[in-house]
Amino acid sequence: MASSLKYVRVPPNSASLAEARQRVFEFFKTACRSIPSIMEIYTLHDVVAPSQLRSTIASEIRKNAHVTNTKVIDMLLFKGTEELSNIVEHAKQRHHIIGQYVVGRQGLDVGTKDQGVSDFLKNFYKGNYF
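Residues numbered from 1 in each chain as written. Predicted model: local features only at pLDDT ≥ 70, side-chain atom pairs only at ≥ 80, totals over all residues. Heavy atoms only, no water.

**Regarding the pattern of salt bridges**
So, step 1. Across all of its chains, the model carries five salt bridges by this definition.
So, step 2. The closest approach of N and O atoms between Asp46 and Arg94, which form a salt bridge, is 3.0 Å. Of the two residues, Asp46 is situated in the loop between α2 (35-41) and α3 (50-62) and Arg94 in helix α5 (residues 94-102); the sequence distance between them amounts to 48 residues.
So, step 3. Judged by its relative accessible area of 65%, Asp46 falls in the exposed class.
So, step 4. As a salt-bridge pair, Glu83 and Lys92 come within 2.6 Å of each other at their nearest N and O atoms. (Salt bridge = Lys/Arg side-chain N within 4 Å of Asp/Glu carboxyl O. Helix = DSSP H or I, 4+ residues; strand = E, 2+ residues; numbered from the N terminus. Buried < 20%, exposed > 50% of the residue type's maximum accessible area, 1.4 Å probe, protein only.)

**Points about the side chain of Lys92**
So, step 1. Here Lys92 shows up in the loop between α4 (70-88) and α5.
So, step 2. Accessibility expressed as a relative area gives 14% for Lys92, which makes it buried.
So, step 3. Looking at Lys92, its side chain comes within polar contact range of the side chain of Glu83, at 2.6 Å.
So, step 4. Sequence-distant contacts of Lys92, that is, excluding residues within four places in its chain, are made with Tyr42, Glu83, Asn86, Ile87, Ile97 and Gln100. (Polar contact = N/O pair within 3.5 Å; in protein donor to acceptor, adjacent residues only side chain to side chain. Contact = heavy atoms within 4.5 Å.)

**So, the packing of helix α1 (residues 17-33) against α3**
Describing two packed helices takes the angle between their axes plus the distance from one axis to the other.
So, step 1. Two numbers describe how α1 lies on α3: the axes approach to 10 Å, and their chain directions differ by 155°. Considering the angle they form, α1 stands roughly antiparallel to α3. Considering only the axes of α1 and α3, their crossing is right-handed. Contacts between α1 and α3 pair Val24, Phe27, Phe28, Ala31 and Cys32 from the former with Arg54, Ile57, Ala58 and Ile61 from the latter.
So, step 2. Residue composition of the contact of α1 with α3, by class: eight nonpolar, no polar and one charged. (Axes fitted to C-alpha atoms, helices over the stretch in contact; angles between N-to-C directions. Parallel < 35°, antiparallel > 145°, perpendicular 65-115°, else oblique. Left-handed = near helix turned anticlockwise from the far one by under 90°. Nonpolar A, V, L, I, M, F, W, Y, C, P; charged D, E, K, R; others polar.)

Written out as structure tokens, the structure reads:
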């Protein structure tokens, strides 16, 4: 499985903003090309579609669209490359992938429970809290 990323290596520092931008596009293409193997490794077909993973990758990249310093862009590319290689080399477990990239960073929306709605809980809270 790691053979799909054998040509991905950490490039030298970008000379210009245009070169850094080109490297971001290349990283996005590499990440999108590895989605089928990621779906297969972690058996994500029942949880998410490949297009949803692609849009998640794009949104993660767009979060840093305001960055114009080439050294920061190179550092973010390095972190992204490491994350992608860890995922493809199966260094993460399925629930890590689902939690970070399928459900998202905001977590599940389970709603809020109203504390003390039943008589039993009201009596319990009165009796145990002074």
